[in-house]
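What the coordinates show
Next come the chains, spelled out residue by residue.
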Amino acid sequence: MHDIYMHADTIIPFTDGSAHKVREIVDNKIQGNVFAYDETSKTFIEAPVIDWLYHDKVKSDQEFIYIKTLCPDTKNGFAAVTIAPDYLIKTRDG
């Protein structure tokens, strides 16, 4: 099982063009395909939502980390995510 610890208000894009907040996905057990990174092919692929859970280790919003970066492929030129402190982020260097 994969531990994904994103803030409940983080918007997740689905491959069908829809987008939902993590809270909505978990509360309603929304199924569908999302974009996932395939370590083997080093590409993004379609993958199904495989579980619905809340991070129970973070006790307040102040414990989350907000990361924003330039992303020319988006409408506003930025990409951002709010994650738990123990969330592992894939970078170019590992």
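This text gives an overview of the structure that appears in the document. Only a predicted model underlies this, so the values are computations on that prediction, with no experimental measurement involved.

Our next topic: the side chain of Thr82. In this fold, Thr82 is placed in strand β6 (residues 78–83). Every residue in contact with Thr82, bar those within four places of it in the chain, is listed here: Met6, His7, Thr10, Phe64, Ile65 and Tyr66.

As a further point, take the pairing of strand β3 (residues 33–38). Bridging between β3 and strand β4 (residues 43–48) involves 6 bridges; their strand directions are antiparallel. By the bridge assignment for β4, Phe35 is matched with Glu46. From the end of β3 to the start of β4, which pair antiparallel, there are 4 residues, and Lys42 there has a positive phi angle of about 60°.

The subject of this paragraph is the nonpolar core. Listed in full, the 8 residues of the largest apolar core are Ile12, Phe14, Val22, Ile25, Val26, Ile30, Val34 and Val49. Ranked by residues supplied to this core, first place goes to helix α1 (residues 22–27) with 3 residues.

All right, on to the environment of Pro48 then. Looking at the secondary structure, you find Pro48 in strand β4. For the pair Pro48 and Ala36, spaced 12 residues apart in sequence, the C-alpha separation works out to 8.9 Å. Discounting chain neighbours no more than four positions away, the residues touching Pro48 are Gly32 and Asn33.

Here is what the cut-offs are and how they apply
Residues numbered from 1 in each chain as written. Predicted model: local features only at pLDDT ≥ 70, side-chain atom pairs only at ≥ 80, totals over all residues. Heavy atoms only, no water. Helix = DSSP H or I, 4+ residues; strand = E, 2+ residues; numbered from the N terminus. Contact = heavy atoms within 4.5 Å. Pairing = 2+ DSSP bridges. Core = buried A, V, L, I, M, F, W, Y, C linked by side-chain atoms within 4.5 Å. Buried < 20%, exposed > 50% of the residue type's maximum accessible area, 1.4 Å probe, protein only.

Remember, this is a structural readout, not a statement about activity or role.
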